[in-house]
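# Coordinate analysis (summary)
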Amino acid sequence: MSYFADTKCPKCGKITQHHLGGYGFYGGNETTTCSFCGYTYESVSHCLGMIPDRDDPPVLTLQQRLSRFSTEELEKELQRRRS
């Protein structure tokens with residue numbers, strides 16, 4: 001899963017948003033160069049927060065998936081598949 005992360009420049013205070021792949025900051029974003037003042041700083045220690053790029057639905061067990069349907073609906077589906 002990928003993430004969005006915000007880092008804050010310790011020199012000027014500018015906040016930069018990064019889009020991180022599955023490796024997070026360790027996929028080549030160990031340092032950030034501020035686009036405002038040019039200062040280079042460590043990304044991890046100046047990270048304000050990370051949020052997922054997308055909200056993946058949880059993986060449901062078979063029982064959880066089947067509990068969404070009534071017994072009557074399941075019987076109708078079984079009959080439909082048999083014919």
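Cut-offs applied
Residues numbered from 1 in each chain as written. Predicted model: local features only at pLDDT ≥ 70, side-chain atom pairs only at ≥ 80, totals over all residues. Heavy atoms only, no water. Helix = DSSP H or I, 4+ residues; strand = E, 2+ residues; numbered from the N terminus. Buried < 20%, exposed > 50% of the residue type's maximum accessible area, 1.4 Å probe, protein only. Contact = heavy atoms within 4.5 Å. Salt bridge = Lys/Arg side-chain N within 4 Å of Asp/Glu carboxyl O. Phe/Tyr/Trp six-rings, centres within 6.5 Å; stacked < 30°, edge-to-face > 60°. Expected span 1.5 Å × (residues − 1). pLDDT = per-residue confidence, 0-100.

Turning to the overall build of the protein, a few remarks are in order. Scanning the protein for helices and strands turns up two helices and five strands. Moving toward the C terminus, one meets the helices and strands of the protein in the order β-β-β-β-β-α-α. Counting across all 83 residues of the protein, residues that qualify as buried make up 16%. Nonlocal contacts in the protein, meaning residues at least 24 apart in sequence, comprise 46% of its contacts between residues at least 6 apart.

A separate point is the pattern of salt bridges. One side chain can pair with another of opposite charge once the charged atoms of both are near each other. In total, this model carries three salt bridges according to the counting rule given. With its nearest N and O atoms 3.5 Å apart, the salt bridge here joins Glu-72 to Lys-76. Within this pair, Glu-72 and its partner Lys-76 are both found in helix H2 (residues 71–82), separated by four residues, close to a single helical turn. Each member of the pair, Glu-72 together with Lys-76, is exposed.

Okay, the environment of Arg-54 next. In this fold, Arg-54 is placed in the loop between strand E5 (47–52) and helix H1 (62–66). A relative accessible area of 45% places Arg-54 in the partly exposed class. Put simply, Arg-54 and Tyr-3 are 51 residues apart on the chain and 8.0 Å apart in space, counted from C-alpha to C-alpha.

Applying the stated criterion across every chain, the model contains one aromatic pair. Their ring planes at 15° and their centres at 6.5 Å tell us that Tyr-39 and Tyr-41 sit as a pair that is stacked. Classification of Tyr-41 by relative accessible area gives buried; the value is 3%.

A word on H2. Between its first and last C-alpha atoms H2 spans 17 Å; for twelve residues at 1.5 Å apiece the expected length is 16 Å, and the two agree. Of all twelve residues in H2, zero are buried, a share of ten percent or less.

Moving on to the confidence of the model for the protein. Overall, the prediction assigns the protein a mean pLDDT of 84, with 84% of residues at 70 or greater. Least confident of the elements in the protein is H1, whose mean pLDDT is 79; most confident is strand E4 (residues 40–42), at 93.

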